[in-house]
Amino acid sequence: MSATEQVTHEPTAPRTGRRFAVTAPDAARIASFAALICVLALTPAISLGSALAPLTLQTLGVMLAGALLGWWRGALAVVTYLLLALAGLPVLAGGVGGVEPFVGPTAGYLYGFVLGAAVTGWLVDRIRGRVTAPKVFGAAVVGGMGAIYAVGIPVSALVAGIPLWTAVTGSWVFLPGDVVKAVLTALVTAAVVRAYPPAGPAARRR
């Protein structure tokens, strides 16, 4: 190496996962949707025959969180809601909280909420072009219904000690109400994105 050659070693800044960084606006949105799920969960629950879980509106909040916040922020909103319940706040359906609901026969649906919000958000995030109600409806059906059922039914059957098929047939009564919630999610999401484009998936991909 000649005397005129110089080698400089500049410190390299560590890479941070900025894509998943929670900014102050993110935290506010996550908290707002966790509060929305709390409010919807506290509407009067309806018992449906042999179903292990009652019919509530909290799944509407789960679908909206995924659709309007995106997959990981929506999932964080649901996790925040569940942590509030686990801490003992009476924010679950029927005004209950604490550890018991997370180990009882309806526990599977609570765990499924996280996956449901994530899948709904993941699918909405991949919408190209105009965000329309039919596109969001498909995402809400797959995530807010299919993903939640996929976790909730087998886990609840295991905890309750009943055959899986019995749990499946018992959950059919939820379908009409959940379809209505998926329709509402689609209409609200399309209207919000149309009125405020930064809430849409195109803005989240930047």
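Computed from a predicted structure; not experimentally measured.

1. Some details on the pattern of salt bridges
Next up, step 1: Per the counting criterion, the structure on display carries four salt bridges.
Next up, step 2: Arg73 is the partner of Asp26 in a salt bridge, and the nearest nitrogen-oxygen pair spans 2.9 Å. Residue Asp26 is found in helix H1 (residues 24-41), and its partner Arg73 is found in helix H3 (residues 71-86); the two are separated by 47 residues along the sequence. When sorted by exposure, Asp26 lands in the same class as Arg73, which is buried.
Next up, step 3: Note that Asp178 and Lys181 form a salt bridge whose closest N and O atoms lie 3.0 Å from each other. In this pair, Asp178 and Lys181 are both assigned in helix H7 (residues 175-195), three residues apart and thus about one turn of the helix distant.
Next up, step 4: Linked through salt bridges whose partners overlap, the residues forming this network are Asp26, Arg29 and Arg73.

2. As for the environment of Ala157
Next up, step 1: In this structure, Ala157 sits in helix H5 (residues 133-160).
Next up, step 2: Residue classification places Ala157 among the buried positions, given a relative accessible area of 4%.

3. Remarks on the packing of aromatic side chains
Geometrically, a pair of aromatic rings is defined through the distance of the ring centres and the angle of the planes.
Next up, step 1: A complete count under the given rule lists three aromatic pairs for this structure.
Next up, step 2: Each ring, one from Phe102 and one from Tyr111, has its centre 6.4 Å from the other, and the planes form 40°; the classification is tilted.
Next up, step 3: A relative accessible area of 9% places Phe102 in the buried class.
Next up, step 4: Between Tyr109 and Phe174, the ring centres sit 6.2 Å apart and the planes meet at 65°, which makes this aromatic pair edge-to-face. Taken together, the residues span a long stretch of sequence, with Tyr109 in helix H4 (residues 107-125) and Phe174 in the loop between helix H6 (164-171) and H7 at a distance of 65 residues. An identical accessibility class is assigned to Tyr109 and Phe174; each is buried.

4. A short note on the packing of H1 against helix H2 (residues 58-69)
Next up, step 1: For the pair H1 and H2, interaxial distance at closest approach is 7 Å and the crossing angle is 160°. Between H1 and H2, the interaxial angle falls into the category roughly antiparallel. In this structure, H1 crosses over H2, and the sense of that crossing is right-handed. Where H1 approaches H2, its residues Arg29, Ile30, Phe33, Leu36, Ile37, Leu40 and Ala41 are matched on the opposing element by Gln58, Leu60, Gly61, Val62, Leu64, Ala65, Leu68 and Leu69.
Next up, step 2: Grouping the amino acids of the contact of H1 with H2 by side-chain chemistry returns twelve nonpolar, two polar and one charged.

5. Quick look at the nonpolar core
Next up, step 1: Among the nonpolar cores identified, the biggest contains 27 residues, and Val62, Val78 and Tyr81 are the most heavily contacted of them.
Next up, step 2: With six residues, H5 is the largest single contributor of residues to this core.
Next up, step 3: In this structure, Val78 is in contact with Ile37, Val62, Phe113, Val114 and Ala117, ignoring residues within four places of it in sequence.
Next up, step 4: Counting residues in each nonpolar core, the second largest holds nine residues, with Ile30, Ala65, Leu68 and Leu69 among its members.

6. What to know about the packing of H5 against H6
Next up, step 1: One can describe the packing of H5 onto H6 by two numbers: an axis separation of 8 Å at closest approach and a directional angle of 130°. Of the possible angle classes, the one that applies to H5 and H6 is oblique. Note on packing geometry: the crossing formed by H5 with H6 is right-handed. Between H5 and H6, the residues in contact are Tyr149, Ile153, Pro154 and Ala157 and Leu164, Ala167, Val168 and Ser171, respectively.

7. A few points about the confidence of the model for the protein chain
Next up, step 1: Considering every residue of the protein chain, the mean pLDDT works out to 86; 85% of them sit at 70 or more.
Next up, step 2: Predicted confidence is poor over residues 1-17, with pLDDT under 50, and the contacts of this stretch with residues over four places away or in other chains come to one contact.

8. Topic: H1
Next up, step 1: Over its 18 residues, H1 extends 26 Å from the first C-alpha to the last, a length consistent with the 26 Å expected when each residue adds 1.5 Å.
Next up, step 2: Within the span of H1, buried status applies to Asp26, Ile30, Phe33, Ala34, Ile37, Cys38, Leu40 and Ala41.
Next up, step 3: Contacts made by the buried residues of H1 are with H2 and H3.

Criteria and cut-off values
- Residues numbered from 1 in each chain as written.
- Predicted model: local features only at pLDDT ≥ 70, side-chain atom pairs only at ≥ 80, totals over all residues.
- Heavy atoms only, no water.
- Salt bridge = Lys/Arg side-chain N within 4 Å of Asp/Glu carboxyl O.
- Helix = DSSP H or I, 4+ residues; strand = E, 2+ residues; numbered from the N terminus.
- Buried < 20%, exposed > 50% of the residue type's maximum accessible area, 1.4 Å probe, protein only.
- Phe/Tyr/Trp six-rings, centres within 6.5 Å; stacked < 30°, edge-to-face > 60°.
- Axes fitted to C-alpha atoms, helices over the stretch in contact; angles between N-to-C directions.
- Parallel < 35°, antiparallel > 145°, perpendicular 65-115°, else oblique.
- Left-handed = near helix turned anticlockwise from the far one by under 90°.
- Contact = heavy atoms within 4.5 Å.
- Nonpolar A, V, L, I, M, F, W, Y, C, P; charged D, E, K, R; others polar.
- Core = buried A, V, L, I, M, F, W, Y, C linked by side-chain atoms within 4.5 Å.
- pLDDT = per-residue confidence, 0-100.
- Expected span 1.5 Å × (residues − 1).

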